[in-house]
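Here are the chains, one letter per residue:
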Amino acid sequence: MENIKCKYSKKCGGCSHIGEDYSSYLSEKEKWVNDLLGEFMPEGYGKIIRIQGMKEPYHYRHKVNAAFGRNAKGEIISGVYQEGTHKIVNIDECMIEHSEADSIIRDIRGMLRSFKIKVYDEDLGTGLLRHVMVRVSRSTGEIMVILVVASPVFPSKNNFVKALRAKHPAISTVVLNVNDKHTSMVLGRRDIVLYGKGRIKDRLCGVDFMLSPQSFFQVNPEMTEKIYRTAIDFAKLKKETEVIDAYSGIGTISLIAAQQSADVTGVELNGEAVSDARKNAEMNRIKNVRFAEGDAGDFMVELAEKGSDQAAVKDKVVFMDPPRSGSSTVFLESLIKYSPDRVVYISCNPETLARDLGFLSEHGYMAKRAMAFDQFPWTAGCEVVMLLQKK
Ligand code: SAH
C-alpha cells in the first residue's frame, strides 16, 4: 500500500501516524496491545492478540464535523481546530473523512457568500453559521446535513437547500441545529428540520438504526460491524442466555444479541441514547429487550443483590463497552457477585482494559480469546474485544 502524506497533519494533529507504512504501523499497535494484555491470555492461545486492520484505511469516518470561521484575511474557512487551540485549520479534504461529506462541506463554504450567510465569530459572538456536520449512512447511502447556527433564522433556507441538493442529490435530510450558547460543544439542543425526515437509517449486523442529529453512533461502520460480529461470536449465545449489555448507547449490541438469546437488558447513562435504543427496538420489532437509564455500576449492584431469583437462570452473559476511562470498581465488584458465565469486554482503551482485567482475573475470571481492531486508522486508538470466562 502506498504511503499517503497529509498536508494538514502538522497543524491538525488528528492522525499522529499518517504517512507511515500501514503494515508497520499495525504491527506497532499489535505490539502495544500485547505488551499491555498479553500476560492475561491463556498459554494455549499463543499469548498473541492479533490486530485486524482495514483494507482501505482511508475515508472511513461516516460522521464529519467542520467548524466555520474566517482567517486573518477575512476569508471564510472551514475545517478542524488546530490541536490544543480554537484556531481553525482550513481543510478541503481529509484522508480519513468520507469524501462526499468533505465535498458537501466545501460546497457549503463556497455558497455562503452568495447567500449572504455570515459565519459565527467565537470571540464576538456575532454571525450565524458555526459548524456543519454531515452523517452518511453506509448501508442506505442516505446523507444528513446539519447546519449548526447561532440563531434560528437562516436566510433563504429553501433556496439554500435546493442549491445544495442540486449539487448532492444523495442528501436526504437537512437539519438546522440551534446552538446559541458560548460553548465548545458542537450541537445545541434544538433541531429544526429544513428538508426530509430529520433522520437517516443505517444498518449494522442485520439491524436497522435510526440516526438523528444527536444520536451517538460509531463513526467507522465497516470496522464497527466486524467488532460487533466478533463480540457476538465470542459470547456463544444460546436460546436460554440472559444478556446484560452495559454501556449500551443506542442499543446496538443489545439488539443484535437479542436475536440469538432469551432476553437482553441494556443499561445506559445518557437518556437520549436510551430513548433512541427503545425506538430502534420498536422499529425492528425486537421484543425481548429492555433498556434501563442510569449508571451501569448502580444497575449491577441492584442486579447482584437480586441474586437468589437469578440462580434459576441457566446461562448468563454480560457485554460491557465502557467509555475510555474503563469501568468502575463498583461495577466490577457487582459483576463478580452477579457471576455471569461469560463476559465480553469491548474496550476502546487497552490501558483501562488491562487495569480492569487485573481485577477480574484476581476474582475468578479468565481471558479466553481476544482480537484487536484498527477502528480509527492513523490515530493512536485501538479497539479490543475480549472474552472472559468464569474459572
Ligand atoms: N455500546 C455502544 C456505546 C458504547 S460508548 C455502542 O457500541 O454504540 C460508551 C457508552 O457508555 C456511551 O453511550 C456513554 O453514554 C455510556 N456511559 C458512560 N458512563 C456510563 C455509566 N457510568 N453508566 C452507564 N453508561 C455510561
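Residues numbered from 1 in each chain as written. Predicted model: local features only at pLDDT ≥ 70, side-chain atom pairs only at ≥ 80, totals over all residues. Heavy atoms only, no water.

Draft legend 1. Focus on the packing of aromatic side chains. Applying the stated criterion across every chain yields a total of eight aromatic pairs. Measuring from centroid to centroid gives 5.7 Å for Tyr58 and Trp378, while their planes differ by 25°, and the two rings are stacked. Separated by 320 residues along the polypeptide, Tyr58 in the loop between strand E1 (50-52) and strand E2 (63-70) and Trp378 in the loop between strand E16 (365-373) and strand E17 (383-390) bring together distant segments of the chain. Here Trp378 falls in the buried class, since its relative accessible area comes to 1%. Relative to Phe217, the ring of Phe209 lies with its centre 6.0 Å away and its plane at 45°, an arrangement referred to as tilted. Across this residue pair, the class does not change: Phe209 and Phe217 are buried. One aromatic cluster is present, formed by Tyr22, Tyr25, Tyr58 and Trp378 through successive ring pairs. The aromatic ring of Tyr120 is capped on one face by Arg130, whose charged end is 4.1 Å from the ring centroid. Sitting over the face of the ring of Tyr338, Lys316 holds its NZ or CZ atom 4.1 Å from the ring centroid. (Phe/Tyr/Trp six-rings, centres within 6.5 Å; stacked < 30°, edge-to-face > 60°. Helix = DSSP H or I, 4+ residues; strand = E, 2+ residues; numbered from the N terminus. Buried < 20%, exposed > 50% of the residue type's maximum accessible area, 1.4 Å probe, protein only. Lys NZ or Arg CZ within 6 Å of the ring centre and 35° of its normal.)

Draft legend 2. Region of the structure containing helix H2 (residues 22-37). In a regular helix each residue adds 1.5 Å, so 16 residues correspond to 22 Å; H2 covers 22 Å between its end C-alpha atoms and thus fits that length. Among the residues making up H2, those that are buried are Tyr22, Tyr25, Leu26, Lys29, Glu30, Val33, Asn34 and Leu37. As for H2, its buried residues are in contact with E1, helix H11 (350-362), E16 and E17. (Expected span 1.5 Å × (residues − 1). Contact = heavy atoms within 4.5 Å.)

Remember that the coordinates give geometry; whether it matters functionally is a separate question.
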